[in-house]
Amino acid sequence: MTPAIPLILLGLVDAACSGFRAYAGSDARIRKQRATTRAALRGLTVGAVLLLAPTLTAALLLLTTRDQARTYDTLTAGGLGYLLPLTVYATAVLLSLAAYFTLPFRASTLAMVIGLGPLTLLRPLAIAAACLGAVLNGGGGSALLVGTIAGVAVLCVEPAVHRRWYHHVQ
């Protein structure tokens, strides 16, 4: 199994959430579903463009190596190691979101404060753990390179969306 598809999907979902986070709190309207959707689509678009960087890096590594099969196997092993910590992180986020959307108002607010807030702050640590997982799973330097570029790309989505569309709100 190649981990590329789940990693790309995970990165795109994270990008859409980053677009939402860039917009969150910048609009006092009560009904803002269209604006929220627009913000998520902006994050998704920026994320799709930024995630081309690790994709192109992996393609270049495969095209410039002498032993493509070995490099592919190394990148696959690194990708699986990268995917495991991110899956654990994504599961925690999904559980917090489920609590937020299903619990009564006060409990859902608590789920937001003790769940989603800290998890957002832990994103860089989750990516660092994913990079470590890529190396420990046998991905070596090439998987670490692709994973680091992917991590930087994902972490740059929210600031890029905020700077481009929501910079007027402090």
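Parameters at a glance
Residues numbered from 1 in each chain as written. Predicted model: local features only at pLDDT ≥ 70, side-chain atom pairs only at ≥ 80, totals over all residues. Heavy atoms only, no water. Axes fitted to C-alpha atoms, helices over the stretch in contact; angles between N-to-C directions. Helix = DSSP H or I, 4+ residues; strand = E, 2+ residues; numbered from the N terminus. Parallel < 35°, antiparallel > 145°, perpendicular 65-115°, else oblique. Left-handed = near helix turned anticlockwise from the far one by under 90°. Contact = heavy atoms within 4.5 Å. Nonpolar A, V, L, I, M, F, W, Y, C, P; charged D, E, K, R; others polar. Phe/Tyr/Trp six-rings, centres within 6.5 Å; stacked < 30°, edge-to-face > 60°. Buried < 20%, exposed > 50% of the residue type's maximum accessible area, 1.4 Å probe, protein only.

1. So, the packing of helix α1 (residues 4–23) against helix α2 (residues 33–50)
Packed helices, taken two at a time, are described by the angle their axes make and the gap between the axes.
Here's step 1: Viewed as axis vectors pointing N to C, α1 and α2 meet at an angle of 130°, and their least axial separation amounts to 7 Å. In terms of their interaxial angle, α1 and α2 are classed as oblique. When you trace α1 past α2, the crossing you get is right-handed. Contact with α1, carried on its side by Leu12, Ala15, Ala16, Gly19, Phe20 and Tyr23, involves Ala35, Thr36, Ala39, Ala40, Gly43, Leu44, Gly47 and Ala48 of α2 and no other residues of that element.
Here's step 2: Class assignment for the residues of the contact of α1 with α2 results in ten nonpolar, four polar and no charged.

2. Some remarks on the environment of arginine 42
Here's step 1: Along the chain, arginine 42 turns up in helix α2.
Here's step 2: Along the primary structure arginine 42 and serine 18 are separated by 24 residues, whereas in three dimensions their C-alpha atoms are 9.2 Å apart.
Here's step 3: For arginine 42, the residues in contact, after removing those within four places along its chain, are Val161, Trp165 and Tyr166.

3. Notes on the packing of aromatic side chains
Here's step 1: The final tally for this structure, using the stated rule, is two aromatic pairs.
Here's step 2: Both rings, one in tyrosine 23 and one in tyrosine 166, keep their centres 5.4 Å apart while their planes meet at 55°; by these two values the pair is tilted. Highlighted residues: tyrosine 23 in helix α1 and tyrosine 166 in the segment after α6 (123–165), separated in sequence by 143 residues. In this structure, tyrosine 23 and tyrosine 166 share a single accessibility class: buried.
Here's step 3: Between tyrosine 100 and phenylalanine 101, the aromatic rings sit 5.0 Å apart at their centres with planes inclined by 70°, giving edge-to-face as the arrangement.
Here's step 4: Tyrosine 100 gets classed as partly exposed once you look at its relative accessible area, which sits at 30%.
Here's step 5: Assessed through its relative accessible area of 65%, phenylalanine 101 is described here as exposed.

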